Amino acid sequence: MPQAAIVWASRVACCVDRKQWRIATVTAGALLWSVASSLCVYPHSLSYFNELAGGPRHGHEHLLSSNISWGQDLLYLKRWLDRHPEARPLYLAVHAAFDPRDVGIEFTLPPAGVVASEGDGLNAPALQPGWYAIDVNLLQGFPYAIPDGAGNTFSAHQGQFTYFMRFGPVARAGYSIYIYHVTSEDVRRLQ
């Protein structure tokens, strides 16, 4: 397959020699678009999706797990928290290759929703007003083992944090961590 792509690419390059400027111009435009699109997302390259797929903001609608996040946006979350000292205490549910406390993020695990009977969807837990940061994989219902903030690991079951989809995020850390400010009114509405 890679050989066929190389042969095809060389045939497109021959368009310049043959004075087939339309094909050469379209090809050069597509190449420039691809490069510019990729550079606009840098340094969040792991979360890159092109515009036809909805860009990195909508990539999680197509792929999840290690295609989106390895915890790389925890450093951006730490920077966001440093600029927003009011965002304490922080409830955090994120899948990462390391403990978020290693980068200086103090947190508590948010309450997990309980899967209700068929047709009822997810029963929301006793949520408290406050600041929450949730990994996009967990928002989409992907199960993961996640740190609990006390040096232990919690196994998130499928769908336990999808109730956050009922809220609108106030910010994002990179493209993989959504930040929510849950108010008393949000808690009442959820219950």
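Model, not experiment: these values are computed from the prediction.

S.K.: For this particular structure, what's the right way to read the overall build of the chain?
M.R.: On a plain count of helices and strands, the chain comes out with five helices and eight strands. When the helices and strands of the chain are placed in sequence order, the string is α-α-α-β-β-β-β-α-β-β-β-β-α. Counting the 191 residues in the chain, one finds 40% classified as buried. Partitioning the intrachain contacts of the chain with sequence separation of at least 6 by distance along the chain shows that 58% fall at a separation of at least 24. Of the roughly 11,000 Å² of accessible surface on the chain, a fraction of 58% belongs to carbon and sulfur atoms.

S.K.: I'm lost on the packing of aromatic side chains in this one. Help?
M.R.: The relative placement of two aromatic rings is captured by the distance of their centres and the angle of their planes. Applying the stated criterion across every chain, the model contains six aromatic pairs. Plain terms: the ring middles of tyrosine 91 and tyrosine 132 are 4.6 Å apart, the flat faces sit at 15° to each other, and that makes the pair stacked. You can see tyrosine 91 sitting in strand 1 (residues 90–93) and its partner tyrosine 132 sitting in strand 4 (residues 130–135), a full 41 residues away along the chain. Accessibility expressed as a relative area gives 0% for tyrosine 132, which makes it buried. With a centroid separation of 6.0 Å and an interplanar angle of 65°, the aromatic rings of phenylalanine 164 and phenylalanine 167 are classed as edge-to-face. The pair formed by phenylalanine 164 and phenylalanine 167 is uniform in burial state, with each residue classed as buried.

S.K.: Help me understand the pairing of strand 8 (residues 177–182) in this model?
M.R.: As a general feature of sheets, a regular strand has side chains that alternate between the two faces. Counted residue by residue, strand 8 has five buried out of six residues, so it is predominantly covered. As defined by bridge partners, strand 4 adjoins strand 8 across six bridges and the pair is classed as antiparallel. Bridging from a neighbouring strand, tyrosine 132 pairs with tyrosine 180 of strand 8. Here strand 7 (residues 171–173) pairs with strand 8 via three bridges, running antiparallel. Residue pairing for strand 8: arginine 172 is matched across the bridge by tyrosine 178. Adjacent in sequence and paired antiparallel, strand 7 and strand 8 are bridged by three residues, among which glycine 174 carries a positive phi angle near 65°.

What counts, and at which threshold
Residues numbered from 1 in each chain as written. Predicted model: local features only at pLDDT ≥ 70, side-chain atom pairs only at ≥ 80, totals over all residues. Heavy atoms only, no water. Helix = DSSP H or I, 4+ residues; strand = E, 2+ residues; numbered from the N terminus. Buried < 20%, exposed > 50% of the residue type's maximum accessible area, 1.4 Å probe, protein only. Contact = heavy atoms within 4.5 Å. Areas by Shrake-Rupley, 256 points an atom, 1.4 Å probe, with all protein chains shown as cover. Phe/Tyr/Trp six-rings, centres within 6.5 Å; stacked < 30°, edge-to-face > 60°. Pairing = 2+ DSSP bridges.

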